[in-house]
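Here's the letter readout for the chains.
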Amino acid sequence: MESSKNKQRKIIGYWMSEKKSQKLNWSEFAKVSRNHGFDLVKVDLNRPLEEQGPFTVIIHKLTDIIAQSLKGEKRACEIIEHVENYIKQHPEVLIIDPLENVKKLLDRFTSYRVIHDSDLHNIDVFTPPFVELTSNDIHVNLQTLKEAGVKFPFVCKPSVANGTDCHNMAIVFNEKGLKDCQPPCVAHAFVNHNAVLYKLFIIGGEYHIVERPSLKNFYPDPDRETIYFNSHDVSKSDSSSSLSVLDEDESGEECPTKADPATLGHIVEIITAVLGMNLLGVDIVVENKTGRHAIIDINPYPGYDGYPNFFESLIRCIRSKVSLNQGLTRIFPSEEDSGFETADSSDEKKRSPLLPVSKAHERQL
């Protein structure tokens, strides 16, 4: 009887850094998994995956290694190739989340572009005007910004949304501040939002919203120097930054910036479909003059700080994918297909494929 029961058990293979594992108390997830008929096995990336399965699901936080491979680092390329080959050979294994989609999400311009081209505009959700700056020529960048409709002040962020430097940003107020941009970077118009940021943590179809401090309101200023900041220092739950304190003449009471629950639900539905992802963190602000919701950043597999009963939501997501047999088998689109691969095989649920983009002048809207 016990032998028959063991045969029915399914294996969740997982990989994440030891630091991430400890932060999330991943050993607790092993208990939750066992209660739902799964065995949790940490994947050894230095051994053949064939020897470690058979896996029902592989859940991963490979963003650092993927980013290193995109920079051409040999060992990282070998690891990612190893994992990709295993996935190709085992289309029956559910991957949370598809490596190709994670790769594209690490490019801020690409993620902004797919949001801009999605159905979010139908629910009055927007991305601020944005463009990628690749030149060190101030005059070229000024023209690029004008053509993309990006006005001062704007936020300048590294193009790669991963690594220790990805949180180092700047607010540029005027033309003389253009010298402070460090290409390649993405510039997007600053949205005044009364220093309130909403972290939308998504697990499949479930989500939780956490309110965080954010940057105060800023306006064009021909004389103001560029402000440099680290987003972690400003928007962590325990952050206390002078950049988050509204000016005395702006209490924020006249222009409430509360997120609308119905809008958030629609964002989750559209974002997960168009990105083909289950584990996402979406940074949302509410424009103080209009009440419109703006998406200013997206992260694969975020920290989930403040998410209640995280493991229960995660196991429900996994069980749903397994029971519906939604095999994420089409992981690697052809070169002609530059869109995000959706997690749903139903054509009716595929939304707004990403348009191909390449060179700097083609990456402007």
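Since this is a predicted model, take the numbers as computed values, not measurements. (Residues numbered from 1 in each chain as written. Predicted model: local features only at pLDDT ≥ 70, side-chain atom pairs only at ≥ 80, totals over all residues. Heavy atoms only, no water.)

**What about the side chain of H90?**
Then step 1. Relative to the helices and strands, H90 resides in the loop between α5 (74–89) and β4 (94–96).
Then step 2. Relative accessible area serves as the criterion here: at 16%, H90 is assigned to the buried category.
Then step 3. Of note is the side chain of H90, whose polar atom sits 2.6 Å from the side chain of E50. (Helix = DSSP H or I, 4+ residues; strand = E, 2+ residues; numbered from the N terminus. Buried < 20%, exposed > 50% of the residue type's maximum accessible area, 1.4 Å probe, protein only. Polar contact = N/O pair within 3.5 Å; in protein donor to acceptor, adjacent residues only side chain to side chain.)

**Describing the nonpolar core**
Then step 1. Formed by 46 residues in total, the largest nonpolar core has its most connected members in I267, I271, L275, I295 and I298.
Then step 2. Residue contacts for I298: discarding those within four places in its chain leaves L105, I115, I271, L275, L280, G281 and V282.
Then step 3. With 27 residues, the next largest nonpolar core counts L24, F29, I203 and C317 among its residues. (Core = buried A, V, L, I, M, F, W, Y, C linked by side-chain atoms within 4.5 Å. Contact = heavy atoms within 4.5 Å.)

**Focus on the UniProt feature "binding site: ATP" (unreviewed entry) in the chain**
Then step 1. The feature "binding site: ATP" (unreviewed entry), as given by UniProt, occupies R108, K157 and S214 in the numbering adopted here.
Then step 2. Mapped onto the elements, R108 comes out in helix α7 (residues 108–116).
Then step 3. On the accessibility criterion, R108 (2% relative accessible area) is buried.
Then step 4. Not counting the four nearest positions on each side in its chain, R108 is found in contact with K157, P158, S159, V160, A161, C166, M169, V186 and D297.
Then step 5. Of note is the side chain of R108, whose polar atom sits 2.8 Å from the backbone oxygen of P158.
Then step 6. If we ignore the near neighbours within four places in the chain, the residues touching K157 are R108, Y112, M169, C185, V186, H188, I296 and D297.
Then step 7. Reaching out from K157, the side chain makes a polar contact with the side chain of Y112 at a distance of 3.1 Å. (UniProt positions renumbered as here; feature names shortened; annotations may be inferred.)

**Observations concerning the packing of aromatic side chains**
Then step 1. The final tally for this structure, using the stated rule, is 16 aromatic pairs.
Then step 2. Relative to W26, the ring of Y14 lies with its centre 5.5 Å away and its plane at 50°, an arrangement referred to as tilted. Of this pair, Y14 sits in strand β1 (residues 10–15) while W26 is found in helix α3 (residues 26–35), placing the two residues twelve residues apart along the sequence. The exposure classification of Y14 matches that of W26, with both residues buried.
Then step 3. Taking 5.5 Å as the distance between ring centres and 65° as the angle between the ring planes, the aromatic pair formed by F190 and F218 counts as edge-to-face. (Phe/Tyr/Trp six-rings, centres within 6.5 Å; stacked < 30°, edge-to-face > 60°.)

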